[in-house]
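# Descriptive structure summary
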Amino acid sequence: MHHFHYVGQKLHCEDVALDAVAGLHGTPTYVYSARTIEDNYRRLISSLAGLDVQLCYAMKANSNLAILRLFSNLGSAFDLVSGGELRRVLAAGGATKRSVFAGVGKTEAEIKLALESGIYGFHVESEPELARINHVAGRLGVKAPVAIRINPDVDAKTHAKITTGKSENKFGIPLKAAAAAYEAAARFPHLAIRGVQMHIGSQLTSAAPFIEAVQKVVPFVEQLKQLYGIAYFSIGGGIGIVYQDALASGDAAWWNAKPEGERPLTPEAYGAALKPLLAPLGLRILLEPGRFMVGNAGVLLSRVEYLKRGQGRNFLVVDAAMNDLVRPAMYDAYHEIVPVVRDTGRPALKADVVGPICESGDCFAKDRTLQTLGEGELVAFMSAGAYGYTMASRYNTRPAAAEVLVSGSRFELVNARETFETMLAGEKIPAFLKS
Ligand code: LLP
């Protein structure tokens, strides 16, 4: 559910008309709904009520400082994957002491920064990484809190590029080898074994793979509790969102009308399935959702540049491109595209919706049926709050988009559109080319 809906003919985010946002801040612009994020946070936490739960929002999904502060105000900590993300948490006033640091390639400098910030746990992905963390902690004269990422070898049945829990993926240590990895960790003098972690993949739309993975690792987690007195079990992120019927799914009625078997995963169903498996462990449970928290809480606003009517094919050329939202080009992802000002009297248009970048891959949708739109009119790409802005690039020397946060009837620019000057700030022409 989310707070994007039409009021009359105009698409609103909460109480704010999106044409007004585009008028003030231009396009392409990401717009986020604070209330949607708050609702998602509360629903997920309530679904596991009774357990000792810490939500560590996977900030790779959307790491704008305002979004991080919103999470922090709600009581969330963070799942971070780089020194840069750690510095964002600090800049947003977030709690590094409850946050966790994941990723297969942590550098010495990143490990040092995390230790100095009092990170809650390193999510370790390999034995050489254990040795490196031990080494850096020793130099600082501290003990580093670690949890090993277990790869449960479960098929998450999602897109190959976002599956992480299969044995052929680069992530984690196979369950079979995990006991030996913990023994190795226990031998390092500057490591403190704090927990265990797993994450099987992203955009999962049923509870079954989560259940399978948790059931598979629970006996091992129990052993770890006995042997090392671990404090937590992080079950990762991965809860999927609705892309296809994104706008309609804002409404509770859309969910209620779905028969049980066809309903996409809800936080309530997720919690109900996992709580009985997790409760007997008596451990703190960490959740690392990214997409579920912010995906349907954001849209990308874009303006139509041209309607190019071609031979047997129409192209709606918009001012957003694959550099702003790469998911369709990278994962063949579907994003619903809706007019910001609806006019049901107009004929339908079947078109490819494309950006201005010089690549055929710069295509958001093929053969999409939309209301006929013309130059200067606005569209919104739905479900763009997760892995949208954070995956943007500057291809074709296109500046990063602006970002706006809405709360009720208030809205504020939370990231100004990048300028040509800042884009070029680090570049220079060397002396040997000047003569
Ligand atoms: N925890 C770990 C260890 C992860 O690797 C990830 C995501 C998450 C949590 C958060 O997963 P989520 O709840 O968002 O599914 N760029 C891709 C998604 C990549 C996900 C990578 N890892 C996309 O746009 O679909």
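These numbers come from a predicted model, not from an experiment. (Residues numbered from 1 in each chain as written. Predicted model: local features only at pLDDT ≥ 70, side-chain atom pairs only at ≥ 80, totals over all residues. Heavy atoms only, no water.)

Right, let's get into a nonpolar patch on the surface. A cluster of nonpolar side chains, namely I429, F432 and L433, defines an oily patch on the protein surface of about 390 Å² accessible area. By secondary structure assignment, the location of L433 is in the segment after α13 (420-424). We classify L433 as exposed; its relative accessible area is 58%. (Patch = residues over 30% accessible without salt bridge, like charges linked within 9 Å, V, L, I, M, F, W, Y side chains within 5 Å. Areas by Shrake-Rupley, 256 points an atom, 1.4 Å probe, with all protein chains shown as cover. Salt bridge = Lys/Arg side-chain N within 4 Å of Asp/Glu carboxyl O. Helix = DSSP H or I, 4+ residues; strand = E, 2+ residues; numbered from the N terminus. Buried < 20%, exposed > 50% of the residue type's maximum accessible area, 1.4 Å probe, protein only.)

Attention now goes to the site of the ligand. Taken together, 19 residues are adjacent to the ligand, and S202, E288, R327, Y331 and Y387 come closest. At 2.9 Å from an oxygen atom of the ligand is found a main-chain nitrogen or oxygen belonging to G290. Here an oxygen atom of the ligand and a side-chain polar atom of R327 are 2.6 Å apart. Its residues assigned to classes, the shell around the ligand shows six nonpolar, seven polar and six charged. Two domains each provide a minimum of three residues to the shell around the ligand, namely domain 1 (34-290) and domain 2 (296-424). (Near = heavy atom within 4 Å. Polar contact = N/O pair within 3.5 Å; in protein donor to acceptor, adjacent residues only side chain to side chain. Nonpolar A, V, L, I, M, F, W, Y, C, P; charged D, E, K, R; others polar. Domains from an automatic or database assignment.)

This part is about helix α7 (residues 175-187). Where α7 is concerned, the buried positions are A178, A181, Y182, A184 and A185. One side of α7 carries all its buried residues, which in axial view fall inside an arc of 160°. In α7, the exposed residues that point more than 90 degrees away from the buried face are K176 and R187. Where the residues of α7 are buried, they touch α6 (127-140), β9 (144-151), β10 (173-174), β11 (191-197) and α8 (208-228). (Arc of directions from axis to C-beta. Contact = heavy atoms within 4.5 Å.)

You can read the domains of the chain as domain 1 (34-290) and domain 2 (296-424). Each partner contributes to the interface: domain 1 provides 22 residues, whereas domain 2 provides 23 residues. Contact with domain 2 buries area across many residues of domain 1, yet N64, Y243 and L247 alone supply 26% of it, more than any other trio. In this assembly, domain 1 and domain 2 are joined by zero salt bridges. Between the two partners, domain 1 and domain 2, sit eleven residue pairs in polar contact (both at pLDDT 80 or more). For the side of domain 1 that touches domain 2, the secondary-structure elements that each account for two or more residues are α2 (34-47) and α3 (65-74). (Buried area = accessible area lost by both parts, 1.4 Å probe.)

To continue, consider the nonpolar core. Among the nonpolar cores identified, the biggest contains 101 residues, and Y57, F122, F233, I235 and F381 are the most heavily contacted of them. Counting residues per element, this core draws most heavily on α8, which supplies eight residues. Split by domain, this core shows at least three residues from each of two domains, domain 1 (34-290) and domain 2 (296-424). F381 has contacts with G298, V299, L300, S302, V318, A320, L325, E336, I337, V353 and F364, leaving out every residue within four places of it along the chain. (Core = buried A, V, L, I, M, F, W, Y, C linked by side-chain atoms within 4.5 Å.)

What follows is about the side chain of Q197. Within the secondary structure layout, Q197 lies in strand β11. At 3.0 Å, the side chain of Q197 forms a polar contact with the side chain of E288. The contact partners of Q197, leaving out residues within four places of it in the chain, are H123, I148, R149, I150, S234, G236 and E288.

α6 packs onto helix α5 (residues 108-116) with a crossing angle of 55° between their chain directions and a minimal axis gap of 10 Å. Between α5 and α6, the angle falls in the class oblique. For the pair α5 and α6, the crossing hand works out as right-handed. Within the contact between the two elements, α5 uses E108, I111, K112, L115 and E116 and α6 uses R132, I133, H135, V136, A137, R139 and L140. Residues belonging to the contact of α5 with α6 are distributed by class as follows: six nonpolar, one polar and five charged. (Axes fitted to C-alpha atoms, helices over the stretch in contact; angles between N-to-C directions. Parallel < 35°, antiparallel > 145°, perpendicular 65-115°, else oblique. Left-handed = near helix turned anticlockwise from the far one by under 90°.)

Moving on: the packing of aromatic side chains. Counted according to the given criterion, the structure contains eleven aromatic pairs. Geometrically, the ring pair formed by Y57 and F78 is edge-to-face, given 6.4 Å between the ring centres and 70° between the ring planes. Remark: F78 occurs in strand β6 (residues 77-80) and Y57 occurs in strand β5 (residues 53-58); sequence separation between them is 21 residues. Residue Y57 shares its accessibility class with F78, and that shared class is buried. Here F101 and F122 contribute two aromatic rings whose centre-to-centre distance is 6.0 Å and whose plane-to-plane angle is 35°, an arrangement assigned as tilted. With a gap of 21 residues between them, F101 in strand β7 (residues 100-101) and F122 in strand β8 (residues 121-124) connect regions that are remote in the sequence. (Phe/Tyr/Trp six-rings, centres within 6.5 Å; stacked < 30°, edge-to-face > 60°.)

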